[in-house]
Amino acid sequence: MRISVVGSANMDMNILSERIPLKGETVKGTDIEYRFGGKGANQAVAMAKLGAEVVFYGCVGDDENGLKTIENLKKERIDINNLKIISNVPTGIAIITVGENDNTIVVVPGANDYVTKEYVDSVKKDLLESDLIVLQNEIPFETIEYLINICYENGVKVLLNPAPALKVKENLLEKITYLTPNEHETKLIFGENIDIEEILKVYPNKLIITLGEEGVAFAKDKDTIIHISGRKTKVVDTTGAGDTLNGAFAFKVIENGNIEEALKFANVAASISTEKLGAQTGMPTLKKVLENL
Ligand code: RIB
């Protein structure tokens, strides 16, 4: 099984703070650490750590962060033959404040903005060999739309993790195999006053809503909601937990198509990932997830 990710790669600047500052406020940080990140790269690494065959499509700059990112993806045995290095452009950067068991993130896309339709055309033949293509919203949205359309036309399954939150057009929703927003993203896509259970029932076996420490939910059919409760753990950093869930879900669902089993598996993987600082540092191996299932 071959899973491809078309997405972002960032260098994360993790700033540890007792609490997240309010608007206009200055607070004293306790530490700063640089870690690999980017929702695309994170999801690729989550799958690779579980043993999946993963191809990563994306762009980095020709700076030190780009070189380090390439080394990291290679170390994780991810196929980066189609990764593009963009001259005179910085690799994506994310500034993450970690505090109060939560985080806030500001992303400066840099080279991620060069994941264009033209780039997709240059890798299209290889890309369409995939069993599943995993996307997030950290590359230009017109590229996302383009990818969803070509996947649909060519019968390739596509998972869209709509983070950061952006509205998804109705006609595009139909073409997505799995859509995995969190509650905030769900409201942005379907409306502020949407009832979570009702909207899940409109998109059975497609819409998967992540609920933070409350777990994850989807509808098995028009009448049956399946809610998988969150797994309690000692949280150090939630950055990348959603990426781990998406990666682990993709890895498992492509094996046998069982959404419920895949989500139980992914839920455990995501909770384990919060036990260490950094988006990718705590992502578990297959053995570790199975031991905690
Ligand atoms: O989902 C977490 C990721 O979001 C971080 O690694 C950061 O790079 C941002 O893209």
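Just so it is clear, the model here is predicted, and its values are computed rather than measured.

### Quick look at the pattern of salt bridges
As enumerated under the stated definition, the model contains 13 salt bridges in all. Arginine 19 serves as the salt-bridge partner of glutamate 25, at 2.3 Å between the closest nitrogen and oxygen. Here glutamate 25 falls in the partly exposed class, since its relative accessible area comes to 28%. Overall, arginine 19 belongs to the partly exposed group, its relative accessible area being 34%.

### Details of the packing of helix α8 (residues 241-256) against helix α9 (residues 259-273)
Interaxial distance between α8 and α9 falls to 7 Å at its minimum, and their mutual angle equals 150 degrees. Comparing their axes, α9 and α8 come out roughly antiparallel. Seen along the crossing, α8 lies across α9 with a hand that is right-handed. Of α9, the residues touching α8 (which contributes Ala241, Thr244, Leu245, Ala248, Phe249, Phe251, Lys252, Val253 and Asn256) are Ile259, Glu261, Ala262, Leu263, Phe265, Ala266, Asn267, Ala269, Ala270 and Ser273. Along the lines of polarity and charge, the residues of the contact of α8 with α9 split into 13 nonpolar, four polar and two charged.

### Looking at the side chain of lysine 39
Position of lysine 39 among the secondary structure elements: in helix α1 (residues 39-49). Sequence-distant contacts of lysine 39, that is, excluding residues within four places in its chain, are made with Ser8, Gln136, Glu138, Ala163, Pro164 and Asp243.

Rules behind the numbers
Residues numbered from 1 in each chain as written. Predicted model: local features only at pLDDT ≥ 70, side-chain atom pairs only at ≥ 80, totals over all residues. Heavy atoms only, no water. Salt bridge = Lys/Arg side-chain N within 4 Å of Asp/Glu carboxyl O. Buried < 20%, exposed > 50% of the residue type's maximum accessible area, 1.4 Å probe, protein only. Axes fitted to C-alpha atoms, helices over the stretch in contact; angles between N-to-C directions. Helix = DSSP H or I, 4+ residues; strand = E, 2+ residues; numbered from the N terminus. Parallel < 35°, antiparallel > 145°, perpendicular 65-115°, else oblique. Left-handed = near helix turned anticlockwise from the far one by under 90°. Contact = heavy atoms within 4.5 Å. Nonpolar A, V, L, I, M, F, W, Y, C, P; charged D, E, K, R; others polar.

In short, geometric facts, not functional conclusions.
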